[in-house]
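Geometric and topological summary
Okay, here's what each chain looks like letter by letter:
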Amino acid sequence: MMDHETNDALRDAPTKEFINDIARQFPVEAEIDKCLIRKMARRAEGPFTRTRLGELEECFSKFLTETVTPDFELGNSRWLNGGASKLQAAMDLRWNDPDQGWNCETIVLRMEPKEALNINSRRREFELLRAFHGVIPVPKPYFLDEEGKWFPEPTLVYSFAHGVTKPVLATTGKVAGLGTDFGEELRGKLAPQFIDYLAKIHTFDHASAGFTSMDLPQVGTTENALWQLNRARRVWEEDTGENIPLMTVAANWLERNMPTLDSVSVVHGDYRSGNFMFEEESGTITAWLDWERGHMGDRHRDLAWTTQPSFGHYNDDNSIYYVCGIVPEDEFYARYAEVSGMTVDQKKIDYYRILNSYQLVVGTLATAYRVSRLGKTHQDVLLARLRALPPAFLRNLSQLLSERL
Amino acid sequence: MADYIDNNLQSIRKSLADVVLPSVDPDDPLALEQMNLTIDYLGFLQQRMDFIADRARFDFDHYRQMAELLLDAGLAEADRATLSDELAHTEKLNVAIARPSEIRAISARLARVIDELVGRVQDAPEETRTRVERIVADASQAWIEMELSWYAPIAVDPDGPGVRPLKSFFPDQVLR
């Protein structure tokens, strides 16, 4: 039997055989497979050093000159924070936009570090933003450097979204969006938009969108659940620094109870407060962000994620639970079903709630450990500190499983 | 001569907070965030330093107890023998005087044996599988509770349900 150090060393510098063994064991969508293989193949390359703002500006200038136009001006570069995954900077770009003519617009550069907390595809994020631009409020996607040809790492460029993610005087946890109390007035304004946009995502005509980065799971089978479960299990195997038998109990249960897909929807993957911007005065949602976990699959995955206890809060006498701090849970489901015309299957929500808890442990325990251990990001301290989150996710996972074993 | 690690950590935190933090570029929110988190984490480390060996022993006991319960779960003979050998291996360690790193290595090895065994019961008869999975799920409760307490100083919900005082998990800490 391999000892703990050997195992850890193998994950720090994986052999081709190790990478391929895990990939064979846990097949996933082609695009995700490509991203995960790339991650593992580059793992031993060394740590990430944060790119300077000036370098990013130079990279972007070169990109624009070579692929768009040499006639532009860039300025006012600054870092953006928020999130635990990608490196983000804003810049003012004056250029001849094919859609709007000469104008000056603030754009966001969203670049991957060497190895992110969430491994996913910039091409997929770009395609989703392009598809939903004009359907629901999203940043306008402009450019994609899919392979990191001009930038140090794969980079997406889109328009800057104005607004806030929580009220200026909000009561909230330390992580944006978790447990935010929006107050009664804002709840009333945000709730219908919050539900309607989710329904629009799930009923979107994906067949005519021309997506090339997402595989279509087969309806009437468990293929979708298997891909999503395999993705989480594979990342656990690639990243973990320890064995936790409870995680294997969860994986066993998830494998035995995979639900059948009744209809394919675009799934946002991280639909919650903290991931949309809004104008505080009017309560109008200005942009839905963070499409990086999007995929084609089961709408119940989003429903289970959005209604997760840690994203919302109870009212003062604990009689009403507000989904994402915005809408009472029963109202959320009722309006969603009415607006989308789609059914809500509580059993499937329960399944995906367990998968979501499993995935949260994978990310905050296994991936955060490996990535911070190897210094792969611009925010390693934040990732190291995520170690405080898995106990609560494990408690949730354990409670959900105990009722079902 | 006394060890001054605790004192020195306090000094480092103070210097970072009083001298370095105000000098960080206010237009670099990422740098500010990393510095604040670093200062916080050093405080967490100060609070936990005295308990590092206790925690290692807690994990060790947790996996040993889980393994002992699993021996009676109706495992396949080969799995039972492997588990039994591994338990015997853990007995060679004098946990009272072993270094935390030594205890962690033995615990990790035992956790791995249990974990692989749990993976294999997916194909075992339902009765065995259910018994094994229930033992693991039940035995994990106390460990999760300890984890909640351990990370409470830097958790999102430090006073959430189930968060007991850390010392309550380490009875040896009571004055002898």
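Residues numbered from 1 in each chain as written. Chains lettered and ligands numbered in written order. Predicted model: local features only at pLDDT ≥ 70, side-chain atom pairs only at ≥ 80, totals over all residues. Heavy atoms only, no water.

Looking at the side chain of threonine 377 of chain A
Along the polypeptide, threonine 377 of chain A turns up in the loop between α11 (346-373) and α12 (380-385). With sequence-adjacent residues up to four places away left out, threonine 377 of chain A is seen in contact with Phe48, Pro113, Glu115, Val371 and Leu383 of chain A. (Helix = DSSP H or I, 4+ residues; strand = E, 2+ residues; numbered from the N terminus. Contact = heavy atoms within 4.5 Å.)

Examining empty space enclosed by the protein
Residue and element names in this part refer to chain A. Per the counting criterion, the structure on display carries 2 cavities of 30 Å³ or more. Size it by volume and the largest cavity reaches roughly 70 Å³. Gln228, Arg231, Val267, Gly269, Arg293, His295, Arg301, Asp302, Trp305, Asn356 and Gln359 are the residues that line the largest cavity. Elements with a contribution of two residues or more to the lining of the largest cavity: α7 (223-239), α9 (299-306) and α11. Sorting elements by how many residues they give to the lining of the largest cavity places α9 first, with 3 residues. Residues belonging to the lining of the largest cavity are distributed by class as follows: 2 nonpolar, 5 polar and 4 charged. (1 Å grid on protein atoms, 1.4 Å probe; cavity = no way out; pocket = protein on both sides within 12 Å on 5 of 7 lines; lining within 4 Å. Points joined across faces, edges and corners; volume = space filled by probe spheres on them. Nonpolar A, V, L, I, M, F, W, Y, C, P; charged D, E, K, R; others polar.)

Brief notes about the pairing of strand β4 (residues 141-145) of chain A
All names here are of chain A. Counting buried positions along β4 yields 4 of 5 residues, so the element is predominantly enclosed. The pairing of β4 with strand β5 (residues 155-159) spans 4 bridges and is antiparallel. In the sheet register, aspartate 145 faces β5, and the bridge partner there is threonine 155. (Buried < 20%, exposed > 50% of the residue type's maximum accessible area, 1.4 Å probe, protein only. Pairing = 2+ DSSP bridges.)

A few points about the pattern of salt bridges
Side chains carrying opposite charge are able to pair once their charged atoms draw close together. All names here are of chain A. Summed over all chains, the structure comprises 56 salt bridges over all chains. Taking the shortest distance from any N to any O, the salt bridge between arginine 373 and aspartate 8 comes out at 3.4 Å. You can see arginine 373 sitting in helix α11 and its partner aspartate 8 sitting in helix α1 (residues 4-12), a full 365 residues away along the chain. In this structure arginine 373 comes out as partly exposed when scored by relative accessible area, which is 41%. A salt bridge links arginine 124 to glutamate 29, with the shortest nitrogen-to-oxygen separation between them at 2.8 Å. Here the residue arginine 124 occupies a position in helix α5 (residues 122-132), and glutamate 29 occupies one in the loop between α2 (16-25) and α3 (30-41), the gap between them amounting to 95 residues. What makes arginine 124 buried here is its relative accessible area of 1%. Here the salt bridges share partners, and the residues they tie into one network are Arg38, Arg42, Glu45, Lys86, Arg110, Glu112, Arg122, Glu125, Glu153, Asp290 and Glu292. (Salt bridge = Lys/Arg side-chain N within 4 Å of Asp/Glu carboxyl O.)

A word on the sheet that holds strand β2 (residues 87-97) of chain A
Residue and element names in this part refer to chain A. Spatial strand order, β1-β2-β3-β5-β4: 5 strands in an open sheet with antiparallel pairing. Each edge of the open sheet is held by one strand with a lone partner, namely β1 (72-80) and β4. Between one strand and the next, the sheet's axes are offset by a mean angle of 25°, whatever the strand orientation. As defined by bridge partners, β1 adjoins β2 across 7 bridges and the pair is classed as antiparallel. Counted as the bridge partner of glutamate 73 is arginine 94 from β2. Its contacts with the sheet put helix α4 (residues 53-67) on β1, β2, β3 (101-111), β4 and β5, and the angle it makes with β1 is roughly 145°. Across the sheet, α5 touches β3, β4 and β5, and the angle it forms with β4 is around 165°. (Axes fitted to C-alpha atoms, helices over the stretch in contact; angles between N-to-C directions.)

Structural notes on the interface of chain B and chain A
By a widely used convention, the size of an interface equals the accessible area lost when the partners come together. The partner chain A presents 38 residues to the 43 residues of chain B that form the contact. Among the residues of chain B in contact with chain A, Leu30, Arg112 and Val156 of chain B are the three that bury the most area, contributing 17% of the side total. The interface formed by chain B and chain A holds 4 salt bridges in total. Along the contact surface separating chain B from chain A lie 16 residue pairs in polar contact (both at pLDDT 80 or more). If you list the elements that add at least two residues to the side of chain B that touches chain A, you get α2 (29-48), α3 (52-70), α5 (100-120) and α6 (126-151) of chain B. Sorting elements by how many residues they give to the side of chain B that touches chain A places α6 of chain B first, with 13 residues. Among the residues forming the side of chain B that touches chain A, the class breakdown is 22 nonpolar, 8 polar and 13 charged. (Buried area = accessible area lost by both parts, 1.4 Å probe. Polar contact = N/O pair within 3.5 Å; in protein donor to acceptor, adjacent residues only side chain to side chain.)

Considering the domain arrangement of chain B
Residues and elements named next belong to chain B. Assigned domains of chain B: these are domain 1 (5-51) and domain 2 (52-173). A separation of 33 Å is found between the C-alpha centroids of domain 1 and domain 2. On the domain 2 side, the residues contacting the 7 residues of domain 1 number 13 residues. Of the roughly 850 Å² buried at the junction of domain 1 and domain 2 (both faces included), carbon and sulfur atoms supply 69%. Three residues, Phe44, Arg48 and Phe51, lead the burial of domain 1 against domain 2; their summed loss comes to 76% of the area buried on that side. At the boundary of domain 1 with domain 2, the tally comes to 0 salt bridges. Connecting domain 1 to domain 2 are 7 residue pairs in polar contact (both at pLDDT 80 or more). (Domains from an automatic or database assignment.)

Quick word on the nonpolar core
If you look at the biggest cluster of nonpolar residues, it comprises 123 residues, and the most contacted ones within it are Phe132, Phe194, Trp288 and Tyr358 of chain A together with Leu83 of chain B. With 13 residues, the top contributor of residues to this core is α11 of chain A. Not counting the four nearest positions on each side in its chain, phenylalanine 132 of chain A is found in contact with Val138, Lys200, Ile201, Phe204, Val266 and Trp291 of chain A. Cys59, Leu74, Met111 and Phe143 of chain A belong to the second-largest nonpolar core, a separate cluster that totals 24 residues. (Core = buried A, V, L, I, M, F, W, Y, C linked by side-chain atoms within 4.5 Å.)

What to know about α11 of chain A
Residues and elements named next belong to chain A. Taking 1.5 Å of rise per residue, 28 residues should cover 40 Å, and α11 covers 39 Å from first to last C-alpha, within 8% of that figure. Roughly 35° is the biggest bend found in α11, and it falls at threonine 367. Of all 28 residues in α11, 22 are buried; the element is thus mostly enclosed. In this structure aspartate 345 caps α11, since a side-chain oxygen of it lies 2.9 Å from the backbone nitrogen of lysine 347. In the stretch just after α11, glycine 375 is the one whose phi turns positive, near 60°. (Expected span 1.5 Å × (residues − 1). Bend = angle between axes of the 7 residues up to and from the residue.)

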